[in-house]
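Summary of the model geometry
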Amino acid sequence: MTFCPNFDTLQSTILVSKTFHRVFQTRPKSITRAVAGNIVGPALPQALRVIRFPYDDYDTLDGDLSMATACPEDDKSVITAEEVEKLEENCQVVAELEDIYSLMNKDRTSKTSVLTSEESWRFRRAMYRIMLYCNQFSGTRYTEEEIELNDEEILDKIRKQRTAVLNEYPTDELQQLHSVVQFLRSIFISLSTTDLDFIDSLLSTGPANALRAWQDRSYEVIQDDVEFTMFDDEDDAPLFEGYFSLPFENIWTERKVTPPKEDDPASKWILDQVNGANDTCSQCATPGGLKLYTEANWDRFPIILANLLKKNIKRNQSITQSFFTATAHLVASDALGPFIGDLFDFALKIKPEFDGWERTDSYCLTCLTRFLEEHLWIWFREERIKGGWTPPEDCWYGWNCRTQIHKRYHADTKNHLCAPIKGDPA
Ligand SMILES: [Zn+2]
Ligand SMILES: [Zn+2]
């Protein structure tokens, strides 16, 4: 029973027979803890502290530093059914964040984590501690007035409390925690909708919200739920300024540790090895490592599809309107990856100069952009024809035509989804 991978399996096992049930009854506590360990892994003590911490017993606006040591990680008390549910829920969040971390920092070719068990432990232990910290100093604990508060004395008290909480951890585990914060930060930075001034406030909403923002490709999903005044355009939120960085600075100084650099990668302190760190683009040999594009990360390709229409077509409104409709389902969506994959298969059939461009290879941004620009418009022409569209007469200048940009009548009555047969018109 202690080997059951989750509680559903344990439950079914117990229900198999009376004998099995009696076995469980002899050691319910140790079996439950063992199964919890199977789900959460070696970071179980940290995971338990997140759900057991008596948040309501501590007011972060007073000077009491005792929350730093309250409800310690080595609490061995029995795990209740209610706790099991919360553990599974948080574990799901941490596991999904590990997949993203792995894709961004460990191996660009796999959508699921390939971290070693040691690396995974470091990552998860740090992530649960960040979860705890964000709950302890969550923005939802304060009133609107308190969030905007500029009272240096109170701010100082809160910062001391934050420092005290993090100061409980040994230096190496704190460095790991710092790297995981860098990773969460990079999630928000990767969302083009993020105003960088908000990042500390966004971080304070906790790892589960960073995951939601990543999945939704926008931080607005958090904003809608959390409704902090800190998201208002003009307002500062001094309460969240230096949310992690100020306590870290205090601790590095006090412990005489060299502080991590601003541009230290999120892999530092967590990973023993990065796969493909020195890989180059399969077409132009540009070094790219983890930044190269592969099937596993195509769905995060940063350029809007309509901007990849060839040359002047992208400014032909007659075309772009129907293009937007045809590709709306690909915008900020996981469907973009498979779409690009299909485009590789499509390309095989039409352009001999792209022979040898395999969908399984890695590409730099420039090369993948060029590939998309050369094929997307042809794909779109075929799509329209398949949908019953009869192209009007080809314009001589094809995708290169400038008249299509500013003469709507010309754009509507001539086909520009074709290659030029005459040179650039004046
Ligand atoms: Zn390249
Ligand atoms: Zn034209």
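See the structure above.
These numbers come from a predicted model, not from an experiment. (Residues numbered from 1 in each chain as written. Chains lettered and ligands numbered in written order. Predicted model: local features only at pLDDT ≥ 70, side-chain atom pairs only at ≥ 80, totals over all residues. Heavy atoms only, no water.)

Here we come to the pattern of salt bridges. Counted under the stated rule, the structure contains 24 salt bridges. Between Glu 82 and Lys 86 there is a salt bridge, with its nearest N and O atoms 3.9 Å apart. Remark: Lys 86 and Glu 82 occur in helix 5 (residues 81–105); sequence separation between them is 4 residues, near one turn of the helix. Looking at Glu 82, the relative accessible area reads 57%, which means it is exposed. What makes Lys 86 partly exposed here is its relative accessible area of 38%. Across the salt bridge formed by Glu 152 and Arg 159, the nearest N and O atoms sit 4.0 Å from each other. The class for Glu 152 is exposed, based on a relative accessible area of 53%. (Salt bridge = Lys/Arg side-chain N within 4 Å of Asp/Glu carboxyl O. Helix = DSSP H or I, 4+ residues; strand = E, 2+ residues; numbered from the N terminus. Buried < 20%, exposed > 50% of the residue type's maximum accessible area, 1.4 Å probe, protein only.)

Among the 9 residues in helix 4 (residues 44–52), 8 count as buried, and that is most of the element. Listed in full, the buried residues belonging to helix 4 are Leu 44, Gln 46, Ala 47, Leu 48, Arg 49, Val 50, Ile 51 and Arg 52.

A separate point is the coordination of the zinc ion (ligand 2). Bound to the zinc ion (ligand 2) are the protein donor atoms Cys 395 (SG), Cys 401 (SG), His 410 (NE2) and His 416 (NE2), situated 2.1 to 2.3 Å from the metal. Motif for the zinc ion (ligand 2), donor spacing along one chain: C-x5-C-x8-H-x5-H. Of the two residues examined, His 410 and His 416, each falls in the buried class. (Donors = N, O, S within 2.8 Å, 3.2 Å for Na, K, Ca; no water.)

Negative charge collects at one region of the surface, where Asp 8, Glu 85, Glu 88 and Glu 89 lie side by side. Looking at where Glu 89 falls in the secondary structure, it is placed in helix 5. Residue classification places Glu 89 among the exposed positions, given a relative accessible area of 55%. (Patch = residues over 30% accessible without salt bridge, like charges linked within 9 Å, V, L, I, M, F, W, Y side chains within 5 Å. Areas by Shrake-Rupley, 256 points an atom, 1.4 Å probe, with all protein chains shown as cover. Lys, Arg positive; Asp, Glu negative; His and termini not counted. Charge placed at Lys NZ, Arg CZ, Asp CG, Glu CD.)

In this section: the coordination of the zinc ion (ligand 1). In this structure, Cys 281 (SG), Cys 284 (SG), Cys 364 (SG) and Cys 367 (SG) serve as the protein donors to the zinc ion (ligand 1), at separations of 2.2 to 2.3 Å. Geometry at the zinc ion (ligand 1) is tetrahedral, judged from its 4 donor atoms and the angles of 105 to 114° they form at the metal. Written as a sequence motif, the donor residues of the zinc ion (ligand 1) are C-x2-C-x79-C-x2-C. Judged by relative accessible area, which is 8%, Cys 364 ranks as buried. Owing to a relative accessible area of 8%, Cys 367 belongs among the buried residues under this scheme. (Tetrahedral: all angles 85-135°; square planar, octahedral: opposite > 155°, others 65-115°.)

Moving on, we come to the packing of helix 4 against helix 5. Helix-helix packing is described using two parameters, namely the angle between the two axes and the distance between the axes. Where helix 4 contacts helix 5, the two axes come as close as 10 Å, and the packing angle between them is 115°. It follows from the interaxial angle that helix 4 and helix 5 lie roughly perpendicular. Crossing of helix 4 against helix 5: the hand is right-handed. Between helix 4 and helix 5, the contacting residues are Leu 44, Ala 47, Leu 48, Val 50, Ile 51 and Arg 52 on the first element and Glu 83, Lys 86, Leu 87 and Asn 90 on the second. Looking at the contact of helix 4 with helix 5 residue by residue, the class counts come to 6 nonpolar, 1 polar and 3 charged. (Axes fitted to C-alpha atoms, helices over the stretch in contact; angles between N-to-C directions. Parallel < 35°, antiparallel > 145°, perpendicular 65-115°, else oblique. Left-handed = near helix turned anticlockwise from the far one by under 90°. Contact = heavy atoms within 4.5 Å. Nonpolar A, V, L, I, M, F, W, Y, C, P; charged D, E, K, R; others polar.)

Between helix 1 (residues 7–16) and helix 2 (residues 18–26), the shortest axis-to-axis distance is 5 Å and the interhelical angle comes to 120°. Taken as axis vectors, helix 1 and helix 2 run oblique relative to one another. Across the interface between the two elements, Leu 10, Thr 13, Ile 14 and Val 16 of helix 1 pack against Phe 20, His 21 and Phe 24 of helix 2. By residue class, the composition of the contact of helix 1 with helix 2 is 5 nonpolar, 2 polar and no charged.

This next bit is on the packing of aromatic side chains. One pass over the full model with this rule turns up 24 aromatic pairs. Considering the side-chain rings of Phe 248 and Trp 252, the 5.4 Å spacing of their centres and the 0° angle between planes classify their relative orientation as stacked. Taken together, the residues span about one helical turn, with Phe 248 and Trp 252 both in helix 13 (residues 245–255) at a distance of 4 residues. Like Trp 252, Phe 248 is buried. Here the aromatic rings of Phe 339 and Trp 379 are separated by 4.9 Å at their centres, their planes lie at 85°, and the arrangement is edge-to-face. Here Phe 339, found in helix 15 (residues 336–350), pairs with Trp 379, found in helix 16 (residues 365–386); they are 40 residues apart in sequence, far enough to count as distant. The same class applies to Phe 339 as to Trp 379, namely buried. Each residue in the set Tyr 133, Phe 137, Phe 240, Tyr 243, Phe 244, Phe 248 and Trp 252 is aromatic and connected to the rest through ring pairs, giving one cluster. (Phe/Tyr/Trp six-rings, centres within 6.5 Å; stacked < 30°, edge-to-face > 60°.)

Structural measurements only, silent on function.
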